[in-house]
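# Understanding the architecture of this molecule
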Amino acid sequence: MALRFPKWSFGPACLVLVSALLLSGCKSSRKAASSEPSEKISVTFDAGDASSSKSSSSSKSSKTTASATSSSGYPAREYYGDRWNTEHVRIGSDPAPSGTVTLNLRPAGTSDFVMPCCGKILSEFGPRNGRMHTGIDIKLEKEDPVYCAFDGMVRLAKDYGNYGKVVVVRHENGLETLYSHLNSIAVKLNQRVRAGDRIGGGGKTGNAQGEHLHFETRFKGEPFNPRLAVDFEKCRLKSTTLTLHDNSY
Ligand SMILES: [Zn+2]
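Residues numbered from 1 in each chain as written. Predicted model: local features only at pLDDT ≥ 70, side-chain atom pairs only at ≥ 80, totals over all residues.

### A word on the overall build of the protein
Along the backbone of the protein there are two helices and 17 strands. Looking at the protein as a whole, 49% of its 249 residues qualify as buried. (Helix = DSSP H or I, 4+ residues; strand = E, 2+ residues; numbered from the N terminus. Buried ≥ 20, exposed ≤ 12 C-beta atoms within 10 Å, placed from the backbone.)

What follows is the structure, given as structure tokens:
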């Protein structure tokens with residue numbers, strides 16, 4: 001069974017970030033996007049946290065509409081319309097992506113990409129122990145700051161099964177990013193966030209063996225390998241655009 005998980009984002013809060021960085025072992029943030037050719041990725045798998053809370057499938061009755069924001073304020077309406085579910089990571093009835101789409105990772109008027117957290121990669125996206133690991137695991141220490149990757153709006157922020165404390169942010173560029181196993185959540189549902197904003201503090205809530213960030217990137221609900229967009233060793237984007245195909249998910 002494929003596990004479904006979402007994505008992240010990050011925004012500005014320079015002083016907070018600088019302070020947090022000085023105090024924490026989670027290196028770096030605020031790396032600007034750069035244009036580099038994509039590289040072939042060597043993927044390895046290891047045992048680790050579990051992947052997932054089963055996404056509940058959905059129905060209109062399970063959808064929650066933001067009360068504080070008009071539907072016209074939701075990011076990426078061109079891809080999602082006014083669908084804004086604040087209960088689940090993925091809603092089964094939402095249309096899945098199809099065909100090839102190229103996303104601008106630096107839309108006009110938005111902030112530069114910021115790494116959620118830089119650290120040792122503990123586990124890659126892909127099959128793991130007979131299940132699909134729908135994100136990438138990055139080592140961190142308890143309460144190390146976790147930053148939003150792109151500008152956007154918090155679609156989900158709560159304790160959610162195997163994910164533990166999790167935040168999902170929908171971004172202006174159409175992506176969603178997911179940050180899980182947090183020890184604490186620093187943002188509120190429906191809150192507008194910028195790349196580099198602190199999403200929360202790292203931890204091991206939910207199904208996690210030790211402190212790490214489980215980071216997911218999703219488009220229209222479908223998780224894809226975050227390495228398609230992010231160079232985790234250099235802590236920056238691989239390119240200012242991202243092209244996804246049917247076989248990317
Ligand atoms: Zn994970």
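### Thoughts on the pairing of strand 12 (residues 198-201)
As paired elements, strand 6 (residues 145-147) and strand 12 share three bridges and run antiparallel to each other. Note that in strand 12 the partner of Tyr147 across the bridge is Arg198. Sheet analysis places strand 10 (residues 184-185) next to strand 12, joined by two bridges and oriented antiparallel. Note that in strand 12 the partner of Ser184 across the bridge is Gly201. (Pairing = 2+ DSSP bridges.)

### Things to note about unusual backbone geometry
Positive phi is not limited to glycine here, since His181 has a value of about 70 degrees. Relative to the elements of secondary structure, His181 occurs in strand 9 (residues 175-182). According to the C-beta neighbour criterion, His181 is buried, with 28 such atoms within 10 Å. Not every positive phi belongs to a glycine, and Cys235 is a case in point at roughly 55 degrees.

### Some words on the pairing of strand 9
Most of strand 9 sits out of view: eight of its eight residues are buried. Where strand 8 (residues 165-171) lies against strand 9, five bridges are found, and the strand directions are antiparallel. Pairing of Val169 across the sheet is with Thr177, part of strand 9. In this antiparallel pair of consecutive strands, strand 8 and strand 9, the connection spans three residues, and Gly174 shows a positive phi of 100 degrees. Here strand 9 runs beside strand 13 (residues 212-219); their pairing, made up of six bridges, is antiparallel.

### Observations concerning the sheet that holds strand 6
With antiparallel pairing, three strands are arranged side by side in an open sheet as 6-12-10. A strand with exactly one partner marks an edge of an open sheet, and here the two such strands are strand 6 and strand 10.

### A few points about the nonpolar core
If you look at the biggest cluster of nonpolar residues, it comprises 45 residues, and the most contacted ones within it are Cys148, Val166, Val167 and Tyr179. Where this core is concerned, the elements lending two or more residues are strand 5 (136-139), strand 6, strand 7 (152-159), strand 8, strand 9, strand 13 and strand 17 (241-244). (Core = buried A, V, L, I, M, F, W, Y, C linked by C-beta atoms within 7 Å.)

### Side note on the environment of Ser98
With respect to the helices and strands, Ser98 occurs in the loop between helix 2 (77-80) and strand 1 (101-104). Remark: the alpha-carbon pair of Ser98 and His245, spanning 147 residues in sequence, is separated by 7.4 Å.

### Quick look at the confidence of the model for the protein
Counting all residues, the mean pLDDT for the protein is 79, and 71% of those residues have values of 70 or more. Counting contacts from residues 1-71, a segment whose pLDDT is below 50, to residues more than four positions away or on other chains yields 190 contacts. (pLDDT = per-residue confidence, 0-100. Contact = placed C-beta atoms within 7 Å.)

### Details of the environment of Leu213
Along the chain, Leu213 turns up in strand 13. For Leu213 and Asp137, which are 76 residues apart along the polypeptide, the C-alpha to C-alpha distance reads 5.5 Å. Sequence-distant contacts of Leu213, that is, excluding residues within four places in its chain, are made with Pro116, Cys117, Ile138, Leu140, Val146, Tyr179, His181 and Gly202.

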